[in-house]
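# Architecture and fold: a report
Next come the chains, spelled out residue by residue.
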Amino acid sequence: MPLSRIGKADRPSHSGDVSSPREEAIYQNSFMDRAIALSKTALSTPGTEPFGAVVVKDGVIVGEGLNQSLKAFDPTSHGETEAIRDACRKLECVDLSGCELYSSCEPCAMCVATMEIAGIAKLYYAASMKDAGNVLGSLPKAKRHPIDAERLLAQCGLPAQERDMPSEQQMQEPAVAILEEWATALRGA
């Protein structure tokens, strides 16, 4: 899919710190329109859900995504994660520092964590989690894989030993030794 570009004339002027090497992020309707259009494709694409997102770098859409969790049998296939994966593949990197993400809906904790790891600089979203919960909350589990967004957020912020999911640490020494060996090899390269 070709990268979408917005012309300089389409960008609103703004006053910012002229010493900054990068322009300040400015919201663009065209990028949100694209995220919402991607979400709309779920109306006619089995196995997808109406959550679309785009990653934008310097006025260009560099990644697009649609929630395909049921179609791909992948619970991590949310619109935001798919847009980030697409952008990283196209840019051949894992660092999206300075990029913005436009999403048709407020992202869940997993997607926010992915955005943080990738270095997304700013998020714009259309529907809130509350909006989505109000509309989709009554759907039966057989129709979609529901996420308890509030519980997910609370659990992600806890140390492993305090989460509801039981966990225990095993074989720490050999795992740490591999990490140390890998880090040493990278330092030497």
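Everything that follows concerns the structure shown earlier in this document.
A few points on the structure.

Parameters and conventions
- Chains are numbered independently. Their residues run from 1 in the order of the written sequence.
- Given that this is a predicted model, residues contribute local features only at a pLDDT of at least 70 and side-chain atom pairs are listed and counted only at 80 or more, while totals for whole chains, interfaces and linings are drawn from all residues.
- As a convention, hydrogens and water are excluded, and side-chain values are obtained from all of the structure's heavy atoms.
- Pairs of cysteine sulfur atoms within 2.5 Å are what we label disulfides.
- Residue burial is assigned from relative accessible area. The probe radius is 1.4 Å, only protein chains are included, and a residue is buried under 20% of its type maximum, exposed over 50%, and partly exposed in between.
- The helix count covers DSSP runs of H or I at least four residues long, the strand count covers runs of E at least two residues long, and both are numbered beginning at the N terminus.
- Criterion used throughout: strands pair if DSSP finds at least two bridges between them.
- Whether two residues are in contact is decided by their heavy atoms, any of which lying within 4.5 Å being enough.
- Any Lys or Arg side-chain nitrogen located within 4 Å of an Asp or Glu carboxyl oxygen qualifies as a salt bridge.
- Buried residues of nine kinds, namely Ala, Val, Leu, Ile, Met, Phe, Trp, Tyr and Cys, make up a nonpolar core once their side-chain atoms join them within 4.5 Å.
- Throughout this description, a polar contact denotes any pair of N or O atoms lying within 3.5 Å of each other; where both atoms belong to protein, one of them has to be capable of donating a hydrogen while the other can accept it, and for residues adjacent in sequence the pair is counted only when both atoms sit in side chains.
- Expected helix span is taken as 1.5 Å per residue step, with the number of steps being one fewer than the number of residues.
- Side-chain rings of Phe, Tyr and Trp (the six-membered ring for Trp) are treated as a pair once their centres are within 6.5 Å; stacked means planes under 30 degrees apart, edge-to-face means over 60, and tilted covers the remaining angles.
- Orientation is described by lines fitted to C-alpha atoms, with helices fitted over the stretch in contact, and by angles between N-to-C directions that extend from 0 to 180 degrees.
- Each angle gets one of four labels, with under 35 degrees taken as roughly parallel, over 145 as roughly antiparallel, 65 to 115 as roughly perpendicular, and the rest as oblique.
- Left-handed is the label given to a crossing in which the near helix is rotated counterclockwise from the far helix by less than a right angle, and right-handed is the label when the rotation is clockwise.
- Put simply, Ala, Val, Leu, Ile, Met, Phe, Trp, Tyr, Cys and Pro go in the nonpolar bin, Asp, Glu, Lys and Arg in the charged bin, and everything else, Gly too, in the polar bin.

## Topic: the state of the cysteines
- As enumerated under the stated definition, the model contains 0 disulfides in all.
- Among the cysteines around Cys93, which has no disulfide bond, Cys88 carries the closest sulfur, lying 5.1 Å off.
- Taking the relative accessible area as the measure of exposure, Cys93 reaches 25% and is therefore partly exposed.
- In this structure Cys111 is a free cysteine whose sulfur lies 3.8 Å from that of Cys108, the closest cysteine sulfur available.

## Focus on the pairing of strand E3 (residues 60-67)
- When you tally the buried positions in E3, you get 8 out of 8 residues, the bulk of the element.
- Bridge count between strand E2 (residues 49-57) and E3: 7 bridges; the pairing is antiparallel. Bridged to Val54 within E3 is Glu64.
- If you look at the hairpin formed by E2 and E3, you'll find 2 residues sitting between the two strands, and Asp58 has a positive phi there, around 50°.

## Examining the environment of Ala25
- Inspection of the secondary structure assignment puts Ala25 in the loop between strand E1 (4-5) and helix H1 (29-40).
- When the C-alpha positions of Ala25 and Cys99 are compared, they lie 8.6 Å apart, and in sequence the two are 74 residues distant.
- Setting aside residues up to four positions removed in sequence, Ala25 forms contacts with Glu100, Lys122 and Tyr124.

## Quick word on the pattern of salt bridges
- Under the criterion given, the structure shown has 5 salt bridges.
- In this structure, the salt-bridge partner of Arg85 is Asp74, at a minimum N-O distance of 3.8 Å. Residue Arg85 is located in helix H3 (residues 79-91), and its partner Asp74 is located in the loop between helix H2 (69-72) and H3; the two are separated by 11 residues in the primary sequence.
- Judged by its relative accessible area of 21%, Asp74 falls in the partly exposed class.
- In this structure, the salt-bridge partner of Arg85 is Glu82, at a minimum N-O distance of 2.6 Å.

## Thoughts on the nonpolar core
- Counting 14 residues, the largest nonpolar core has Val55, Ile84, Leu96, Leu101 and Ile120 as its most contacted members.
- Top contributing element to this core by residue count: H3, with 4 residues.
- The contact partners of Ile84, leaving out residues within four places of it in the chain, are Val55, Leu96, Leu101, Thr114, Met115, Ala118 and Ile120.
- The next biggest cluster of nonpolar side chains, apart from the first, holds 9 residues, and it includes Phe31, Met32, Leu38 and Val56.

## Focus: the side chain of Ser39
- The residue Ser39 is located in helix H1 in this model.
- Of the polar contacts made by the side chain of Ser39, one reaches the backbone oxygen of Ile36; its length is 2.6 Å.
- Contact partners of Ser39, with chain neighbours within four places excluded, come to Pro50, Phe51, Gly52, Leu66 and Ser104.

## Some remarks on H1
- Here H1 spans 16 Å end to end across 12 residues, near enough to the 16 Å set by a 1.5 Å rise per residue.
- Among the structural elements, E2, E3, strand E4 (100-105) and strand E5 (122-127) are those in contact with the buried residues of H1.

## Some thoughts on the packing of aromatic side chains
- Throughout the structure, instances matching the rule amount to 4 aromatic pairs.
- Members of the aromatic cluster, each reached through a chain of ring pairs, are Tyr27, Phe31, Tyr102 and Tyr124.

## Details of the packing of H3 against helix H4 (residues 109-118)
- Two elements in contact, H3 and H4, have axes whose closest approach is 8 Å; the angle formed by their N-to-C orientations is 25°. The angle between H3 and H4 places the two elements in the roughly parallel class. The handedness of the crossing between H3 and H4 is left-handed. Residues Glu80, Thr81 and Ile84 of H3 form the contact with H4, whose participating residues are Met110, Cys111, Thr114, Met115 and Ala118.
- Looking at the contact of H3 with H4, its residues break down into 5 nonpolar, 2 polar and 1 charged.

Bear in mind that shape data such as this cannot, by itself, settle questions of function.
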